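Each chain, written out:
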Amino acid sequence: MNILIYNLIHIILFPFFLIFLILRLFNRKENSESFFQKLFCKGNKNYYDYIIHVASVGELNSIHYLIHKIPLEKKILITCSTLSAHKLALKKYKQCSVKYLPYDFYPLVKVFLAKNMTDKFIWIDSEIWPNYLHILKSKKILTYLINGRISEKSFRRWKMATKFVKELGSIYKIIYASSLPAKESFEILFQRKIFYSGNLKYYQDLNIVKNIENNLCFASIHLKEFKDILKIIEKIDFNILEKIFLIPRHPHYAYELSQKLLESSIPKDKVVVFDSMGKNKNIHSISKISFIGGSLFNHGGQNPLEALSCGSYVLTGPYTHNFSSIYEDLEEKKLCGVFKEIDHNLIAKSINVMMSKKNLLDINEVRILFNKQSEDLNIITNSIIND
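Keep in mind the model is a prediction, meaning the values are calculated, not measured.

Asks: Would you mind showing me how to read the packing of aromatic side chains here?
Replies: Ring pairs (aromatic) are described by centroid distance and by the angle formed between their planes. For the structure shown, the criterion picks out 19 aromatic pairs. Considering the side-chain rings of Phe17 and Tyr103, the 4.6 Å spacing of their centres and the 75° angle between planes classify their relative orientation as edge-to-face. With Phe17 in helix 1 (residues 3-26) and Tyr103 in the loop between strand 3 (97-100) and helix 6 (106-115), this pair connects stretches of sequence that are 86 residues apart. You'll find Phe17 and Tyr103 in the same group, each marked buried. Here a set of aromatic residues connected by ring pairs shows up, and it is made of Phe112, Phe121, Trp123, Trp129 and Tyr132. Lys75 extends its terminal NZ or CZ atom over the ring of Tyr48, reaching a point 5.4 Å from the ring centre. Above the plane of the ring of Phe323 lies Arg149, whose end atom (NZ or CZ) is 5.3 Å from the centre.

Asks: Help me understand the packing of helix 1 against helix 2 (residues 32-40) in this model?
Replies: The axes of two packed helices give the description: the angle between them and the distance between them. Where helix 1 meets helix 2, the closest approach of the two axes is 10 Å, and the angle between their N-to-C directions is 160°. Regarding the angle of helix 1 to helix 2, the classification is roughly antiparallel. Our pair here, helix 1 against helix 2, has a crossing hand that is right-handed. Contacts between helix 1 and helix 2 involve Phe14, Phe17, Leu18, Leu21, Ile22 and Leu25 from the first element and Ser32, Phe35 and Leu39 from the second. Broken down by class, the residue content of the contact of helix 1 with helix 2 amounts to eight nonpolar, one polar and no charged.

Asks: Hey, could you run me through the sheet that holds strand 12 (residues 336-338) in this one?
Replies: Across the sheet, which stays open at both edges, the six strands sit in the order 9-8-7-10-11-12 with parallel pairing between neighbours. Lying at the two open borders of the sheet, with one neighbouring strand each, are strand 9 (271-273) and strand 12. Across the sheet, the mean angle from the axis of one strand to that of its neighbour is 15°, orientation sign disregarded. Across five bridges, the pairing between strand 7 (residues 216-221) and strand 8 (residues 244-248) is parallel. Residue pairing in the sheet places Cys217 in a bridge with Phe245 of strand 8. Contacts from helix 12 (residues 254-263) reach strand 7, strand 8 and strand 9, with the element oriented near 155° to strand 9. Relative to strand 12, helix 15 (residues 324-332) is tilted by about 120°, and along the sheet it contacts strand 10 (289-292), strand 11 (313-316) and strand 12.

Asks: Would you mind showing me how to read the pattern of salt bridges here?
Replies: Any two side chains of opposite charge can pair, so long as their charged atoms come close to each other. Applying the stated criterion across every chain, the model contains eight salt bridges. The salt bridge involving Glu30 is made with Arg24; its shortest N-O contact spans 2.8 Å. Residue Glu187 pairs with Lys183 through a salt bridge whose shortest N-O separation is 2.9 Å. Linking Glu187 with Lys183, this pair stays in helix 10 (residues 180-190), spanning four residues, or about one helical turn. Judged by its relative accessible area of 17%, Lys183 falls in the buried class. Where salt bridges share partners, they join Arg24, Glu30 and Lys38 into one cluster.

Asks: How should I be thinking about the environment of Leu223 in this particular structure?
Replies: Topologically, Leu223 is positioned in the loop between strand 7 and helix 11 (226-234). Given a relative accessible area of 33%, Leu223 falls into the partly exposed group. C-alpha of Leu223 to C-alpha of Ile233: the two residues are 10 residues apart in sequence and 16 Å apart in space. Those residues within four positions of Leu223 in sequence are excluded, and the remaining contacts are Tyr253 and Glu256.

Asks: Sorry, what's going on with the sheet that holds strand 5 (residues 142-148) here?
Replies: Two modes of strand pairing occur in sheets, parallel and antiparallel, and in both the strands are linked by backbone hydrogen bonds. Strand order in the open sheet formed by six strands is 3-2-1-4-5-6, and the pairing between neighbours is parallel. At either end of the open sheet lies a strand with only one pairing partner, and these are strand 3 and strand 6 (174-177). Each neighbouring strand pair of the sheet contributes to a mean axis angle of 20°, computed without reference to strand direction. Taken together, the four bridges between strand 2 (residues 76-80) and strand 3 define a ladder with parallel strand orientation. Bridging across to strand 3, Leu77 finds its partner in Ser97. Along the sheet face, helix 5 (residues 83-92) touches strand 2 and strand 3 and points at about 170° away from the line of strand 3.

Asks: Is there a simple way to explain a positive patch on the surface in this structure?
Replies: On the surface, Lys87, Lys91, Lys94 and Lys279 cluster together to form a positively charged patch. Among the structural elements, Lys94 can be located in the loop between helix 5 and strand 3.

Asks: It is not clear to me how the side chain of Thr316 should be interpreted in this structure. Could you clarify?
Replies: Tracing the sequence through the fold places Thr316 in strand 11. For Thr316, a relative accessible area of 0% gives the class buried. Residues in contact with Thr316, not counting those within four places in the same chain, are Phe291, Ile292, Ser295, Tyr327, Gly337, Val338 and Phe339.

Asks: Looking at this model, I keep getting lost on helix 2. Mind explaining?
Replies: Owing to its 3.6 residues per turn, the α-helix aligns residues three or four sequence positions apart on the same side. The complete set of buried residues in helix 2 reads Ser34, Phe35, Gln37, Lys38 and Leu39. On its buried face, helix 2 sits against helix 1, helix 5, strand 3 and helix 6. You can read the cap of helix 2 off the contacts: a side-chain oxygen lies 3.1 Å from the backbone nitrogen of Glu33, and it is on Asn31. At the exit of helix 2 stands Cys41, carrying a positive phi of roughly 55°.

Parameters and conventions
- Residues numbered from 1 in each chain as written.
- Predicted model: local features only at pLDDT ≥ 70, side-chain atom pairs only at ≥ 80, totals over all residues.
- Heavy atoms only, no water.
- Phe/Tyr/Trp six-rings, centres within 6.5 Å; stacked < 30°, edge-to-face > 60°.
- Helix = DSSP H or I, 4+ residues; strand = E, 2+ residues; numbered from the N terminus.
- Buried < 20%, exposed > 50% of the residue type's maximum accessible area, 1.4 Å probe, protein only.
- Lys NZ or Arg CZ within 6 Å of the ring centre and 35° of its normal.
- Axes fitted to C-alpha atoms, helices over the stretch in contact; angles between N-to-C directions.
- Parallel < 35°, antiparallel > 145°, perpendicular 65-115°, else oblique.
- Left-handed = near helix turned anticlockwise from the far one by under 90°.
- Contact = heavy atoms within 4.5 Å.
- Nonpolar A, V, L, I, M, F, W, Y, C, P; charged D, E, K, R; others polar.
- Pairing = 2+ DSSP bridges.
- Salt bridge = Lys/Arg side-chain N within 4 Å of Asp/Glu carboxyl O.
- Patch = residues over 30% accessible without salt bridge, like charges linked within 9 Å, V, L, I, M, F, W, Y side chains within 5 Å.
- Areas by Shrake-Rupley, 256 points an atom, 1.4 Å probe, with all protein chains shown as cover.
- Lys, Arg positive; Asp, Glu negative; His and termini not counted.
- Charge placed at Lys NZ, Arg CZ, Asp CG, Glu CD.
- Polar contact = N/O pair within 3.5 Å; in protein donor to acceptor, adjacent residues only side chain to side chain.

Rendered as structure tokens:
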């Protein structure tokens, strides 16, 4: 495969892609702003010192350290792919411009980079976008991949296009992998030197509260997990709990979750459902245990570090392959628990036992972990800012 064949496939598939995007609009996964920005590159012409792309909320939260290292006088454009990330970026980084990134169709990429000029383009946790990489190279724009990770499915797919993916990998000025396994995968695909100096997601402002009450949080839970989560909650001992907080991964599903809650036998005065972004850290900081979603079906889990940075002990289901290295590290340090199967009784029973323990989490171990990772991240940010 080469870039011409890649674009020919895109031309053939464009009608199906358009139908897919319209369906996302009807399913409230897109809105009019995201639809027009992704498909027509709506927006004025501007120059930015840095363009930083984050796909979703997880990647957005991980750039906190990088953003605050960039001098205040520099202009930054944050691009994202999801509604929730866009909304949170506007709220969290008022000093930056925020836009949706158009899809990797050649004409869209050409228009986007003509309207949004820059010297440095930084991809966070990103998959490989061939047209962007080719056009960034033609414009002599320095391109970086930070916190890079690649799924097993993508790795197998790209491995079938050895020459093409090697060419794409050569376009990045520097690549920092998010883990040692990711480093090995990128080195196989790109056949070049890949660096690993810690994971950006480890940089968190610690928000640890002493004497946390017996509150339980289910965070980043997906629509497919609602039934499982409610079945677990039904088996929990409410006599030892103060409150249970439910935070859907996608806030627009909060109403559906609330309706399912009303149909259950769970005491309604014990449970709070949140329907907005940006409150997670506050909720984690008052929760003794946080169960992280995306892990009760084959999604791959969600980032546990935000909850841990708030002093909340982390639990999760068996499907954690997107964050396997992080969970392995935390399990080794006894800072989290990963259930190997979906057993509602076992999960509820374990939560009941843990809630009765006074010192569930070693706070000193948490501080050491995050402080060490923050030191390592200086290597990444300095290599980009001083380049």
